Amino acid sequence: MMTYDRNRNAITTGTRVMINGTGRTGKIVAIHAEGLTPAQLRRSKTVEVEGCEGKFEPVELIRLGLH
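Residues numbered from 1 in each chain as written. Predicted model: local features only at pLDDT ≥ 70, side-chain atom pairs only at ≥ 80, totals over all residues. Heavy atoms only, no water.

- With an unreviewed UniProt entry as reference, the chain is termed Selenoprotein YdfZ, source organism Kosakonia pseudosacchari.

What follows is the structure in C-alpha cells.
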C-alpha cells in the first residue's frame, strides 16, 4: 500500500523515514490499510517503523530519500 508523508512524498513498505518530533529513523515494515480510504489512512496510526515501538500516522513521518 502507498500513502504520503507530511510533505506529500509517497511512502511504501521499505521506505526510510524519520519520525517528526523525535528524530528517530527507520524503515517502514508495514502499513495497515485494510478498509480505510486514502484520507483515513493518512490520519490514522497505521504505519510500523523498524526499531520504533507502536504505530505512526503517515503525517508524522518524513521520507528520507528513495528506497
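Moving on from the model shown.
**Digging into the pairing of strand β3 (residues 16-19)**
And step 1. Side chains Val-17 and Ile-19 of β3 all project onto a buried face; the interleaved residues Arg-16 and Met-18 project onto a face where none is buried.
And step 2. Summarising the sheet, β3 and strand β4 (residues 25-31) pair through three bridges and their orientation is antiparallel. Bridged to Val-17 within β4 is Gly-26.
And step 3. Connecting β3 to the antiparallel partner β4 that follows it, the hairpin turn spans five residues, and Gly-21 within it adopts a positive phi of roughly 95°. (Buried < 20%, exposed > 50% of the residue type's maximum accessible area, 1.4 Å probe, protein only. Helix = DSSP H or I, 4+ residues; strand = E, 2+ residues; numbered from the N terminus. Pairing = 2+ DSSP bridges.)

**What to know about the sheet that holds strand β6 (residues 55-56)**
And step 1. A sheet is described by the order of its strands in space; here five strands give the open sequence β6-β5-β4-β3-β7, paired in antiparallel fashion. A single partner strand is all that each edge strand has here, and the edge strands are β6 and β7 (61-63).

**Brief notes about the environment of Val-59**
And step 1. In this fold, Val-59 is placed in the loop between β6 and β7.
And step 2. By relative accessible area, Val-59 is classed as buried at 13%.
And step 3. Separated by 52 residues in the primary sequence, Val-59 and Asn-7 have C-alpha atoms spaced 7.9 Å apart.
And step 4. Aside from chain neighbours lying at most four places away, what touches Val-59 is Tyr-4, Asp-5, Arg-6, Arg-42 and Arg-43. (Contact = heavy atoms within 4.5 Å.)

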